[in-house]
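Analysis of the macromolecular model
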Amino acid sequence: MLDLTVTPALPPAAQVLGTSLKLSVLPLRTLVRVQIARRDIEAAMQSLGPTRLPTRPGTVFGVDPVAWWLAPNAWLVTSERLALVALAAHLDPLLGALSHTVVDVSDSLVTFELEGAGAAPLLARGTGIDIATALPPGHCARTRLATLPVLLRSVTPRRMELLVDRAPARWLHEWLIDAAMMVDG
Amino acid sequence: MPAFASGTPSRGQPGGAYRLMTGGHIDRALPVWFRWNGRRLMGFEGDTLASALLAHGERIVGRSFKFHRPRGILSAGAEEPNALVALGAGNRLEPTARATLVPLREGLQARPQNCWPSVHFDIGRVLDAFAPLLPAGFYNKTFLWPSWQFYEPVIRRTAGIGDALSDPDPDRYESVNASCDLLIVGGGAAGLQAARVAAQTGLRIVIVEQAHAWGGSLLSHDCAIGGLAGHAWSARVVAGLASHPNVTMLPGTTAFGLYDHQVAGLLERVEEHAQQTAKVRHRYWRVRAGGIVLATGAIEQPWVFERNDVPGIMLASAIREYAHRYGVAAGRRIVFATNNDSAYLSALSLARTGTAVPLIVDSREEAPAALAAALCDAGVVVEARAVVSSAHGGRALEGVSVRGIDGNAYAADIECDALGVSGGWMPSVHLFSHSRGQLAFDGQRQCFLPVSGTAPAAVCGALAGASSLAQALESATQAVTAEITRLGLGVPHSSPVEDVRELAARPDTGRTRRSGFGREHRQWIDFQYDVTVADVSLALREGFEAIEHLKRYTTTGMAVDQGKTSNLNALLLVAELTGQPPQLVGTTTFRPPYMPVTLGALAGRQIGEHYAPRRLLPAHAEHESLQAHFEEAGGWMRPACYPRTGESNADAIRREALAVRKSVGLFDASPLGKIEIEGADAARFLDRFYINDLLTLEPGRTRYALMLNENGAIIDDGTVSRLAAEHFVITTTSSGAERIAQWLEEWHQCEWPDMDVLITPVTTQWATVALAGPKARDVLSRLPTDIDLDAKVFPHMHVRTGTLGGVPARVYRVSFSGELGFEINVPSRYGAALWRALLDLGRDAGITPYGIDALMLLRLEKGFLHVGLDTDGSTSPADVGWGEIALKKQADYVGKRSLLRADNMRPDRLQLVGLDGSDAEALVTGAHVRFEGTHEGSDGWVTSAALSPTLGRPIALAMVRGGRARLGQQLTVHDLGRITTAKIVKTPFYDPDGGRLRA
């Protein structure tokens, strides 16, 4: 009989690094990538409005689910409380008749949380994005960190979420710990 | 009052025999011990290595590159061409450090380089005797017989400055990104003034200063600003800036390059300025700035005369800086030679320390009246229309000969142990030029100045041509205000320049900076590379008139100092010799880096384990528990094989391959690229990328397909599976997953935006396990599933979706091994569980995990293509046997048109064929093949090779010229001297009718 044990890329854990940073690996959550066909973008802009799926570039909306703007026709929607089917059902009324896809990517991404004054200096070791101006709370960005494609979201001035592909997640975790050594230095 | 700490030079005097009794921004209460060339010496906190050496009377600190001539300290800054020393030892050795920029620290070890056995007696000096035989470009004219290669080893051993490390560098380096509204380069008077003005606006400012102390020339200039001495004003401004939270101050930091989009590269020497064991030695900053203000100052230029390289000849401003900033006299009797006013200030300040200054010679028609009067009052003789014609002394300056010019009959030999020279000033335009700024020759100042508005950076201070402190401060205020306004970042508050008190110096610079007397091959232009007036003259006679050609032929300006003290003299000499105006001679191109940058800093933490991302399989821990031998492939850590205790890797690979052929094997194929394509136009969209017809692909079916670029070259292969009418999943090579997703997206967005297609990469969403072998279906059927695995309803090249053990699954009947195969996809979180379950369930069937090496062997036996290994950037479908399908397809697709190009139709193209080796040993991948008696050179190469465990003989795939028409022919295989023979054969080698994989 198939053992249904779930094996995450990294077990959920938190650790304090130096005096100004807490690095956490968050538990698996439901993640879907929503895309709307280009021909329906105009309609989407009108029907979505400012709610649910944000239309302003680089912004996020919601508490749970949280919708991250990825592209004019693409969003990442995350939820800790809704499973895949429930989340899809939640999105259905929004997307309605628009030509769209909702693809489960829950298993492909690992979520880190960086908390503390050291979060931005730590990220500056690996990404060129101007965190102070491009990532105020409520904003997200796609960029590269330590050469890896990542998604960043500023939750509060001192709390960031970092999503990375699951395959190099362990490597990035080690990279973050190494880079954090210099944040207080 | 005696000027010196001791009455006469004494090696036993603490702090050095040339240390002045008073003065300098050093802490005389804090002695710092260091070693120079093995000798233990003492300096003071605040010294540089150069100032400490000068204080101890160390005249010879290095040897020149070509002729090993003894050289002493010339300057006090980044322009230093002579005092290039080795710091540290062992794996912490730092070669070619400028002693002028090395802060003295306790325990510092330094030694001269490019000399043997010692800097005072260097065998290499013998080359100087042959100097007439070694002019510019000598290596292009000599060493022709018997050949250059004959001499090359000796020349290579002789050439080079400093030793490279052979052991890993134990120090830590890092790179940091930063963004700011305004980057100010230069922490002298102009830079500090610019920062002071800008800081009022609340903008985010980064200000960098190359030295470890702020203030630049204010630290050695006799001046006052707003009633404060220059250094005190500097300290006040620095303290004010430090209190601004938005101002980042980086002392000890060199801006070494400016790049597109206002990106600057900075090198912060952390440990050195922290003067303690810091966590990081150097930090590489990549700064993205909204605006840039350059206040990089200017560099004094030397005079050109016979033997102008004798140790003791220094830049006049450096002599002043050593006296005022470090309390060190460059000599006991110092003569000055100049063509401008600034050397008067240096002479005056030295005379005021009590140092003997007998004479200053000025090549100009008239000496500046006020300055000359001040010098006369200090007992200094001023001689206008006179130049130094030659220097005397070998290892140290003993005197100079002075001659009158332009009708002045003056001639004298003057005894001195130091000569301060000033041939004018050249603004440090390097960073300005990096950003493609243009330069214009200024006749009054006899130098090239930045042309405002030609680069995305504002300039101020001496860089902009300011010749007085008041001008520098005023230009800084104007430049930063204009830059802030231009960028729309606000308007600074009015900040009037404070009252400045200084001795006035005019910008006028005399045209003469070369005495014109004596032997030209002893008049040095480039001190580091030993380029002389004679070399420049010879290059011009030989036709190297373009300045870029002349630079390369003579190597002037090509040493590690990048000609900071030689370029201008070379340019003006060319102008003089060719009769051209300097503007027409032009300048050479300044390129980053402005100063050498430690490679460790550029690498940062991208070393060792952090060098590149390591991607792990969902079942990585399972593979580890099986003692897998991992290899990196496309960034993934993949099991190459699973050797058992005492088993070699080669034996493990054979065992694993045979297990797949005979029973069943389990392979982790998770890195296989997976991309979902959905939408009403999904089929039409995909059909435009593959040589295969995909419009006819029915739901539930899978097709192998090749993808081309616009040139018709194969860029990827994989399967295309239709899950539903408007829902496809394509697979790509493991290393191509990201690239192909971007490729599809680019075509969609740029060429076919109207197509109703949505692309989602899902490579790591799914764990993929391949179950292959005659017993594969039997093992898979032991899992509870709602998918009918029967061969009749689920045949080869089909796909089914359903559940396995209650987990969502996609199962493909495909095979890369040539055996009955299933590729099972489950969400990655279940990848490890699936792997464990299949190993358990298949134990009685002899299930064997196999690695990538066994898979490569199995696919070779089947003759299956491996894109990237069997192909290169020019391989077309026809080259690998897919030409007929590619050309038969009616619909257009990317690359199709190129397949009809004449070159793609040539019958003698390299074509993929099979080889049967004649030896018992395996052929070698990469070995070249040749048909005897045809022509010289290669007829192709082996792309994949192995000793087939199934067939018991060596087999290979090879790209062979016209290979498919040469079936049955013999060829020779050449591998590093080993020659074997092989026969061209058809593929597949194994199971040619494919019955096993369709089972």
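Going by the structure above, here's the rest.
None of the values given here were measured: they were computed from a predicted structure.

Helices and strands together make up the secondary structure of chain B, namely 27 helices and 50 strands. Considered along the principal axes of its C-alpha atoms, chain B spans approximately 115 × 70 × 55 Å. Expressed as a percentage of the 999 residues in chain B, the buried residues total 60%. In chain B, once contacts between residues fewer than 6 apart in sequence are set aside, the share between residues at least 24 apart is 65%. Summing over all exposed atoms, chain B offers an accessible surface of approximately 38,400 Å²; the carbon and sulfur share of this is 53%. The positive charge centre, built from 99 side chains, and the negative charge centre, built from 105, are 2 Å apart in chain B.

Once that is clear, we can look at helix α10 (residues 369-377) of chain B. Residue pairs spaced three or four apart in an α-helix point in one direction, given the helix's 3.6 residues per turn. All names here are of chain B. For α10, the full list of buried residues reads Leu 371, Ala 372, Ala 374 and Leu 375. Angularly, the buried residues of α10 cover 160° about the axis, an arc narrow enough to put them on a single face. Away from the buried face of α10 by more than 90 degrees, exposed residues Ala 369, Ala 370 and Asp 377 are located. Contacts from the buried residues of α10 go to α9 (342-352), β19 (359-362) and β20 (381-384). After α10 finishes, the residue Gly 379 shows a positive phi value of roughly 90°.

Residues and elements named next belong to chain B. If you look at the biggest cluster of nonpolar residues, it comprises 84 residues, and the most contacted ones within it are Phe 34, Leu 49, Ile 73, Tyr 322, Phe 336, Val 400 and Leu 419. Among the elements that take part in this core, α9 stands out by supplying 7 residues, more than any other. Every residue in contact with Tyr 322, bar those within four places of it in the chain, is listed here: Ala 50, Ser 51, Leu 54, Ile 73, Ser 75, Ala 76, Thr 100, Met 314, Gly 327 and Val 328. Counting residues in hydrophobic clusters, the runner-up holds 53 residues, among them Leu 250, Ala 289, Leu 431 and Leu 572.

All names here are of chain A. Reading across from one edge, β1-β2-β8-β11-β10-β9 is the order of the 6 strands in this open sheet, with antiparallel pairing throughout. Sheet topology places β1 (13-17) and β9 (139-145) at the edges, where each strand pairs with a single neighbour. This sheet shows a mean twist of 25° between the axes of neighbouring strands, independent of strand direction. Pairing geometry for β9 and strand β10 (residues 148-156), over 7 bridges, is antiparallel. Looking at β10, one finds that Cys 140 is bridged to Arg 153.

Right, let's get into the sheet that holds strand β38 (residues 727-732) of chain B. Residues and elements named next belong to chain B. Spatial ordering of the open sheet is given by β36-β37-β38-β35-β39, a layout of 5 strands whose pairing is antiparallel. Looking at strand neighbours, the two that pair on one side only are β36 (702-708) and β39 (758-761), the edges of this open sheet. With direction set aside, neighbouring strand axes in the sheet form an average angle of 25°. Where strand β37 (residues 714-724) meets β38, 4 bridges bridge the pair, whose relative direction is antiparallel.

Our next topic: the interface of chain A and chain B. With 50 residues of chain A at the interface, the matching set in chain B holds 52 residues. Both faces considered, chain A and chain B share a buried interface measuring about 4,200 Å² in area, 53% of it formed by carbon and sulfur atoms. Taking the shortest distance from any N to any O, the salt bridge between Asp 178 of chain A and Arg 605 of chain B comes out at 2.8 Å. Taken together, chain A and chain B are joined by 26 residue pairs in polar contact (both at pLDDT 80 or more). Of all elements in the fold, only β3 (30-36), β7 (100-104), α4 (131-134), β10 and α5 (169-180) of chain A reach the threshold of two or more residues within the side of chain A that touches chain B. At 6 residues, α5 of chain A tops the list of elements feeding residues into the side of chain A that touches chain B. Its residues placed into classes, the side of chain A that touches chain B shows 21 nonpolar, 15 polar and 14 charged.

Here we come to helix α12 (residues 469-486) of chain B. All names here are of chain B. Here α12 is 18 residues long and its end C-alpha atoms lie 25 Å apart, about the 26 Å a rise of 1.5 Å per residue gives. Of all the positions in α12, only Leu 469, Ala 472, Leu 473, Ser 475, Ala 476, Thr 477, Ala 479, Val 480, Glu 483 and Ile 484 are classed as buried. In the segment just after α12, Gly 488 is the residue with positive phi, at about 70°.

Considering the arrangement of structural elements, one finds Gly 443 of chain B in the loop between β26 (439-442) and β27 (447-450). Expressed as a C-alpha distance, the spacing of Gly 443 of chain B and Ser 467 of chain B, which sit 24 residues apart in the sequence, is 14 Å.

Bringing empty space enclosed by the protein into the picture now. Residue and element names in this part refer to chain B. Tallied over the full model, the rule gives 9 cavities of 30 Å³ or more. Each pocket or cavity is described by its volume, and for the largest cavity that value is around 140 Å³. Forming the boundary of the largest cavity are 16 residues, of which Met 426, Gly 563, Asn 567, Leu 568 and Phe 590 lie nearest the centre. Where the lining of the largest cavity is concerned, the elements lending two or more residues are β25 (425-427) and α15 (567-578). Among the elements that line the lining of the largest cavity, the one with the most residues is α15, at 3 residues. For the lining of the largest cavity, the residue count by class is 8 nonpolar, 7 polar and 1 charged. In this model, the second largest cavity occupies a volume close to 90 Å³. Lining the second largest cavity are Gly 62, Arg 63, Ser 64, Phe 65, Arg 71, Pro 81, Asn 82, Leu 84, Gln 113, Asn 114, Ile 161 and Gln 528. Split by residue class, the lining of the second largest cavity holds 4 nonpolar, 6 polar and 2 charged.

All names here are of chain B. Taken as a whole and assessed by the stated rule, the structure comprises 22 aromatic pairs over all chains. A ring pair is formed by Phe 138 and Tyr 139, whose centres lie 5.1 Å apart and whose planes are at 75°; its orientation type is edge-to-face. The exposure class of Tyr 139 is partly exposed, given its relative accessible area of 31%. Connected via pairs of aromatic rings, a cluster forms that spans Phe 138, Tyr 139, Phe 143, Trp 148, Phe 150 and Tyr 151. Over the face of the ring belonging to Phe 517 we find Arg 403, whose NZ or CZ atom lies 4.5 Å from the ring centre.

All names here are of chain B. For the structure shown, the criterion picks out 67 salt bridges over all chains. For Asp 778, the salt bridge is made with Arg 782, and the minimal N-O distance between the two is 2.9 Å. Salt bridges here are not isolated pairs; linked through shared partners, they connect Arg 69, Arg 71, Arg 125, Asp 128, Asp 309, Arg 522 and Asp 530.

Let us look at a nonpolar patch on the surface. Together, Trp 116, Phe 121 and Ile 123 of chain B give the surface a local cluster of nonpolar side chains, amounting to about 380 Å² of exposed area. Tracing the chain through its elements places Ile 123 of chain B in the loop between β7 (108-112) and α2 (126-129).

All names here are of chain B. Closest axis-to-axis distance for the helix α19 (residues 649-662)/helix α24 (residues 852-862) pair is 8 Å, and the angle between their directions is 55°. Here α24 runs oblique to α19, going by the angle between their axes. Viewed along their axes, α19 and α24 form a crossing whose handedness is right-handed. In this structure, α19 contributes Ile 653, Glu 656, Ala 657, Val 660 and Arg 661 to the contact, and α24 contributes Asp 853, Ala 854, Leu 857, Leu 858, Glu 861 and Lys 862. Looking at the contact of α19 with α24, its residues break down into 6 nonpolar, no polar and 5 charged.

Reading guide: rules and limits
- Residues numbered from 1 in each chain as written.
- Chains lettered and ligands numbered in written order.
- Predicted model: local features only at pLDDT ≥ 70, side-chain atom pairs only at ≥ 80, totals over all residues.
- Heavy atoms only, no water.
- Helix = DSSP H or I, 4+ residues; strand = E, 2+ residues; numbered from the N terminus.
- Buried < 20%, exposed > 50% of the residue type's maximum accessible area, 1.4 Å probe, protein only.
- Contact = heavy atoms within 4.5 Å.
- Areas by Shrake-Rupley, 256 points an atom, 1.4 Å probe, with all protein chains shown as cover.
- Lys, Arg positive; Asp, Glu negative; His and termini not counted.
- Charge placed at Lys NZ, Arg CZ, Asp CG, Glu CD.
- Arc of directions from axis to C-beta.
- Core = buried A, V, L, I, M, F, W, Y, C linked by side-chain atoms within 4.5 Å.
- Pairing = 2+ DSSP bridges.
- Axes fitted to C-alpha atoms, helices over the stretch in contact; angles between N-to-C directions.
- Buried area = accessible area lost by both parts, 1.4 Å probe.
- Salt bridge = Lys/Arg side-chain N within 4 Å of Asp/Glu carboxyl O.
- Polar contact = N/O pair within 3.5 Å; in protein donor to acceptor, adjacent residues only side chain to side chain.
- Nonpolar A, V, L, I, M, F, W, Y, C, P; charged D, E, K, R; others polar.
- Expected span 1.5 Å × (residues − 1).
- 1 Å grid on protein atoms, 1.4 Å probe; cavity = no way out; pocket = protein on both sides within 12 Å on 5 of 7 lines; lining within 4 Å.
- Points joined across faces, edges and corners; volume = space filled by probe spheres on them.
- Phe/Tyr/Trp six-rings, centres within 6.5 Å; stacked < 30°, edge-to-face > 60°.
- Lys NZ or Arg CZ within 6 Å of the ring centre and 35° of its normal.
- Patch = residues over 30% accessible without salt bridge, like charges linked within 9 Å, V, L, I, M, F, W, Y side chains within 5 Å.
- Parallel < 35°, antiparallel > 145°, perpendicular 65-115°, else oblique.
- Left-handed = near helix turned anticlockwise from the far one by under 90°.

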